[in-house]
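# Observations on the model geometry
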Amino acid sequence: MTGDIKHLPLEDLHVAAGARFGAFAGWSMPLTYPAGVMKEHLQTREHAGLFDISHMKLFEISGPGAEALLNRACPFDAGALEISQSKYTFFLNEAAGIIDDLIVTRLGQQRFMVVANAGNAEADDKHLRALALDSETKGVFDAKVDALDRVFLAIQGPEAWAALSRAGIETGSLLFMHGFEPRENWFMSRSGYTGEDGFEIGLPKADARNLVARLLEDERVMWVGLAARDSLRLEAGLCLHGLDITPEIDPASAGLMWAIPKEVRASGTFIGADALRAILERGPAQKRVGLKPQGRQPVRAGASLFNAVGKPVGHVTSGGFGPSAGFPVAMGYVETPLASSTSPLFADVRGTKIPIDINPLPFTPHRYRKG
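Structure report, in brief.

Before going further, it helps to spend a moment on the sheet that holds strand β5 (residues 57-62). In space, the five strands of this open sheet follow the order β6-β7-β8-β5-β9, with antiparallel pairing throughout. Because the sheet does not close on itself, it has two edges, and the strands there are β6 (86-92) and β9 (144-148). On average, adjacent strands in this sheet sit at an angle of 30 degrees to one another, irrespective of strand direction. In this structure, β6 lies alongside strand β7 (residues 98-108), joined through seven bridges in antiparallel fashion. Following the sheet pairing, Phe91 is matched in β7 by Asp100. Contacting β5, β6, β7, β8 (111-116) and β9, helix α4 (residues 121-132) runs over the sheet at an angle of about 165 degrees to β9.

Moving on: empty space enclosed by the protein. A complete count under the given rule lists one cavity of 30 Å³ or more for this structure. One number sums up the size of the largest cavity: a volume of about 60 Å³. Forming the walls of the largest cavity are Met29, Pro30, Tyr33, Phe51, Asp52, Ile53, His55, Val224, Gly225, Leu226 and Arg229. Those elements that place two or more of their residues in the lining of the largest cavity are β3 (27-32), β4 (48-52) and α7 (226-235). Of the residues that constitute the lining of the largest cavity, the class distribution is seven nonpolar, two polar and two charged.

A word on the pairing of β6. Most of β6 sits inside the fold, with six of its seven residues counted as buried. Two successive antiparallel strands, β6 and β7, enclose a turn made up of five residues, where Ala96 displays a positive phi of approximately 70 degrees.

The next point concerns the environment of Arg183. Relative to the assigned elements, Arg183 resides in the loop between β11 (178-180) and β12 (187-190). Along the sequence, Arg183 and Leu203 sit 20 residues apart, while their C-alpha atoms lie 9.2 Å from each other. Not counting residues within four places of it along the chain, the set of residues in contact with Arg183 comprises Gly168 and Ile169.

It is worth spelling out the layout of surface pockets at this point. For the second largest pocket, the calculated volume is near 280 Å³. Taken together, 21 residues make up the lining of the second largest pocket; nearest its centre are Lys6, Trp27, His55, Lys57 and Ala121. It is α4 that provides the largest number of residues to the lining of the second largest pocket, a total of four residues. Of the residues belonging to the lining of the second largest pocket, the class tally is 11 nonpolar, four polar and six charged.

Thresholds, definitions, all that
- One numbering rule holds for all chains: residues counted from 1, following each sequence as written.
- Local features in this predicted model are restricted to residues of pLDDT 70 or higher, and side-chain atom pairs are both shown and tallied only at a pLDDT of 80 or more, whereas totals for entire chains, interfaces and linings draw on every residue.
- Excluding hydrogens and water, the side-chain figures rest on all heavy atoms present in the structure.
- Strands pair, by our definition, only if DSSP identifies at least two bridges between them.
- Secondary structure elements follow DSSP: runs of H or I no shorter than four residues count as helices, runs of E no shorter than two count as strands, and numbering proceeds from the N terminus.
- Geometry is summarised by axes, namely lines fitted to C-alpha atoms with helices restricted to the contacting stretch, and by angles between N-to-C directions that run from 0 to 180 degrees.
- Whether two residues touch is decided by their heavy atoms; if any such pair falls within 4.5 Å, the residues are in contact.
- Put plainly, a pocket is an open set of points on a 1 Å grid over the protein atoms alone with protein on both sides within 12 Å along at least five of seven lines, a cavity is a set where a 1.4 Å probe fits but cannot get out, and a lining residue has an atom within 4 Å of a point.
- Grid points are joined across faces, edges and corners, and a volume is the space filled by probe spheres set on the points.
- Each residue is assigned to one class: nonpolar for Ala, Val, Leu, Ile, Met, Phe, Trp, Tyr, Cys and Pro, charged for Asp, Glu, Lys and Arg, and polar for all the others, Gly among them.
- Three exposure classes are used, based on accessible area relative to the maximum for each residue type with a 1.4 Å probe and protein chains only: buried under 20%, partly exposed in between, and exposed over 50%.

Structure follows, in structure tokens:
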């Protein structure tokens, strides 16, 4: 049903740029531009790629109970965040499955910005609002949840900071995993879903049009679509919610326990805390790993993994060709003992068994600007 598909606020700019569109998480999204996925990918690694990520959602959480609400919703310590500091975290269900992964930034004493994934934005909104009114278990949290109407852009790559500077936006004081409000109704962070140094900017539509025009005057900047965004994040070993992490997968299995502070693991009262502690005590049954197919044929999401005697031992969750790595790359889940083993594995691709090796993540080194 086409009526249910949402359209980006700047869709006309993508049409004018020759984008090829496809459906993603209920949105009509630019998949590639005329340069093609390989050129867009390498442009981001070598110079700067500009992404329209307005399908993602910005929530502002404010009020005296904002910290308490976030500590209930997420396995982290909101009180430990300094102003402008960002933290990667999750919404978990009671079984410790990942409802969504998010980045939370403290904007003030009682104000936080939450960046949520497109496919989960409505569910996240309901989840937060329901929690804020949850009088049964923890009492009412005195916090307000506002879904913001913003264009959301990302510019990623080693020359992203220079292109922003030329466009009149200075980034020097903004460190990796920090965010702030450079002007009214703007939110800007420095994280990067590509493994490269990069920035995310939420801003009003008219401001966004002006910024895009200024950025695209710079030959170092090119529009990049969803296809290259996927190959970039996969090379960087970063999870995509809905594929690599889902409500059926917990942070321990996903190898994401680094995002949960030790004291929160031990005594946090977040949703799913008891389930997660039980999983940690017995050890997860499966683990997320990097996978490198032998040869040139990519192995895609959904492929089953087998051991040498044909026993099913896991599955692929993301896969494709890594233009910077120069070989096919994939991620998936295997039985825990195999995660650190060198036993031969095979992926079933349309009936053909392709040898596949467990490979350390990331496939290409992260180049975040941390200092």
